[in-house]
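Observations on chain architecture
Each chain is listed here by its residues.
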Amino acid sequence: MSNVQHLYVHLPFCVHRCGYCDFVTVVGRAGEHGSYVDALLAELELEKNVLAAPLETVFVGGGTPTFTELGELRRLLDALPPASEVTVEANPETVTGELASLLEEAGVTRISLGAQSFQPQLLDVLERQAGPDAVRRAFHTLRDVEFDNISLDLLYGIPGQSPADLDADLAEALALAPEHLSYYELEAKPGTRFTHAHGDELGRQAEAMEGYFEQAVETLTGAGYRWYETANFCLAPDRAGGRDLRSHHNLGYWRASDYLGVGIGAVSTVGGVRWRNLPSLRGYLAALGEGVAPPREVEPLDDDTRARERLLLGLRLDEPLPLDAGLAEVIDRSARERLTRGGLIEPGHIGAADSLALTKRGRFLGGGVTVELFADVPE
Ligand SMILES: C[S@@+](CC[C@H](N)C(=O)[O-])C[C@H]1O[C@@H](n2cnc3c(N)ncnc32)[C@H](O)[C@@H]1O
Ligand code: SF4
């Protein structure tokens, strides 16, 4: 089997661990970047028989991929299989002219820049290394080497944030005219240092989330961006010379396509089986040093689970989801009728097949509506 179109590569190293972050990261360890790249390439070698050639997308995420020693980052990028879309996540404080040129020369087509906010006091709360000037500088440095597909990550619901701060962030982001924006609701895990420090204020923010979300959607769609996924926006084709600027890597996830992930903590879903590499750097390096697969959790996915995932992910998009027999089985008919009458979902047709989409109001309520659609699992 060699038909997997999407490859995720995890580079976990960061200069500092931000309080709110729940991703698999490793602080510093410059001395180990080279051996980690060796291990990534060894894992890829073990799994490459599932990959299509050429691939549709490669996504190099983190951690902070652009904090990786530049020689090692270049060695990795040069060794990755070719793809139409190659995205690298970048942190603003790491973006220099040298890095931007390296990424461009290595064939990277898309940059995802972690801005999070343009308000200095909110960036302090998040413990970010880059202030607003560094975010803007990084953006222009990437433009200077002619990157024409740059995405900005922003967060709402940051402790201390007000609707005026959100408006200011939206205006600052739009002034840069990025091709793509991801606007995430800040998730704070219970029991973390961050939640402990900001507990009461996080509660207040939680109550304001729905308003923030609508404020972001209205402003960005008003500025000519397509709200193509719950938290993602791209310049509409008429503003983008006809280009489709959606993240094709993430579209693969939302359409429940198979994908291969390599690196610590990386997840793969191939042929109805999901596996997740354990987060330990030591265990990962040791196993791949011996040429064997790293320690993993493996989970076979049954048809019911896969169909529920397809529904949950597919309805995040602004395109109607075709309802095949598997999907129809996990939808509760009476809930479907009730939600249609309530103006939250919109049944339709694609050719002879039924389809389903969330209405605008349904999209504001998001996953809650989809979960209501689920039929009970048969005993
Ligand atoms: C895996 S992070 C890595 C990106 C990069 N290291 C950075 O910090 O900008 C990718 C994105 O996830 C989002 N993110 C990280 N932690 C989050 C959280 N607790 N809740 C919501 N989004 C989060 C941020 O917007 C971030 O840019
Ligand atoms: S830089 Fe990004 S990946 Fe690293 S700790 Fe901060 S949010 Fe997490």
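Every value quoted in this text rests on a predicted model; they were computed, and no experiment measured them. (Residues numbered from 1 in each chain as written. Chains lettered and ligands numbered in written order. Predicted model: local features only at pLDDT ≥ 70, side-chain atom pairs only at ≥ 80, totals over all residues.)

With that settled, consider the sheet that holds strand E13 (residues 273-277). With respect to topology, three strands assemble into an open sheet ordered E12-E13-E14, the strand pairing being antiparallel. Each end of this open sheet is capped by a strand with a single partner; those strands are strand E12 (267-270) and strand E14 (296-300). Geometrically, the sheet is characterised by an average inter-axis angle of 15 degrees between neighbouring strands, direction not taken into account. Both E13 and E14 contribute to a ladder of five bridges, which runs antiparallel. Among the inter-strand pairings, Arg276 is bridged to a residue of E14, identified as Glu297. (Pairing = 2+ DSSP bridges. Helix = DSSP H or I, 4+ residues; strand = E, 2+ residues; numbered from the N terminus. Axes fitted to C-alpha atoms, helices over the stretch in contact; angles between N-to-C directions.)

So, on to the pairing of strand E7 (residues 150-156). With six of its seven residues buried, E7 lies for the most part within the structure. In this sheet, E7 lies alongside strand E6 (residues 110-116) in parallel orientation, the contact comprising five bridges. The residue of E7 that forms the bridge with Leu113 is Leu152. With respect to chirality, the unit in which E7 leads through helix H6 (residues 163-176) into the neighbouring parallel strand E8 (residues 180-185) is right-handed. (Buried ≥ 20, exposed ≤ 12 C-beta atoms within 10 Å, placed from the backbone. Right-handed = clockwise from strand over helix to strand, strands pointing away.)

Another point: helix H9 (residues 281-289). Within the span of H9, buried status applies to Leu281, Tyr284, Ala287 and Leu288. Down the axis of H9, the sector holding all buried residues measures 140 degrees, keeping them to one side. Structural note: H9 exposes Arg282 and Gly289 on the side pointing more than 90 degrees away from its buried face. Of the residues trailing H9, Gly291 is marked for its positive phi of about 80 degrees. (Arc of directions from axis to C-beta.)

Time to look at the site of ligand 1. In the neighbourhood of ligand 1, 16 residues make up the surrounding shell, with Phe23, Gly114, Asp153, Tyr184 and Glu187 lying closest. Elements with a minimum of two residues in the shell around ligand 1: strand E4 (55-62), E6 and E7. Split by residue class, the shell around ligand 1 holds six nonpolar, six polar and four charged. (Near = placed C-beta within 6 Å. Nonpolar A, V, L, I, M, F, W, Y, C, P; charged D, E, K, R; others polar.)

Close to ligand 2 lie Cys14, Arg17, Cys18, Cys21, Phe23, Thr25, Gly62, Gly63, Thr64, Asn91 and Gly114, which account for all nearby residues. Looking at the shell around ligand 2, its residues break down into four nonpolar, six polar and one charged.

It is worth spelling out the sheet that holds strand E17 (residues 353-358) at this point. Spatially, three strands are ordered E15-E17-E16 in an open sheet, and the strand pairing comes out antiparallel. Strand pairing shows two members of the sheet lacking a second neighbour, strand E15 (321-322) and strand E16 (345-350), which therefore form its edges. Of the strand pairs in this sheet, E15 and E17 are connected by two bridges, and their pairing is antiparallel. By the bridge assignment for E17, Leu321 is matched with Leu356.

Here the focus is the pairing of E4. Regular strands place side chains that alternate from one sheet face to the opposite one. Burial analysis of E4 places seven of its eight residues in the buried class, which makes it a mostly covered element. Pairing of strand E1 (residues 6-11) with E4 involves six bridges; the strand directions are parallel. By the bridge assignment for E4, Tyr8 is matched with Phe59. The pairing of E4 with strand E5 (residues 83-90) spans five bridges and is parallel. By the bridge assignment, Phe59 is partnered in E5 with Thr87. Each parallel crossover has a hand, and for E4 linked through helix H2 (residues 70-79) to E5 it is right-handed.

Quick look at the packing of helix H1 (residues 33-47) against H2 now. At a minimum axis separation of 9 Å, H1 and H2 run at an interaxial angle of 10 degrees. One finds that H1 runs roughly parallel with respect to H2. Where H1 abuts H2, its residues His33, Gly34, Val37, Leu40 and Leu41 lie against Glu72, Arg75, Leu76 and Ala79. Residue composition of the contact of H1 with H2, grouped by class: five nonpolar, two polar and two charged. (Parallel < 35°, antiparallel > 145°, perpendicular 65-115°, else oblique. Contact = placed C-beta atoms within 7 Å.)

Examined at the domain level, the protein chain breaks down into domain 1 (6-253) and domain 2 (303-373). One C-alpha centre belongs to domain 1, the other to domain 2, and the line joining them spans 29 Å. With seven residues of domain 1 in contact, the opposing surface of domain 2 contributes seven residues. Put simply, the parts of the chain that give the side of domain 1 that touches domain 2 at least two residues each are helix H7 (193-222) and strand E9 (225-229). (Domains from an automatic or database assignment.)

The next thing to look at is the environment of Leu186. Considering the arrangement of structural elements, one finds Leu186 in the loop between E8 and H7. Given 22 C-beta atoms within 10 Å, Leu186 falls into the buried group. Leu186 sits 63 residues away from His249 along the chain, and the two C-alpha atoms are 22 Å apart. Non-local contacts of Leu186, meaning those with residues more than four positions away in its chain, are made with Tyr20, Leu155, Tyr156, Gly157 and Ile158.

This part takes up unusual backbone geometry. Of note, the bond from Ala53 into Pro54 is cis; its omega dihedral lies within 30 degrees of zero at -5 degrees. Tracing the sequence through the fold places Pro54 in the loop between H1 and E4. Backbone torsion omega between Gly62 and Gly63 reads 20 degrees, so that peptide bond is classified as cis. Looking at the secondary structure, you find Gly63 in the loop between E4 and H2. Its identity is not glycine, yet Gln116 carries a phi of approximately 75 degrees, on the positive side. Overall, Gln116 belongs to the buried group, with 25 C-beta atoms counted inside 10 Å.

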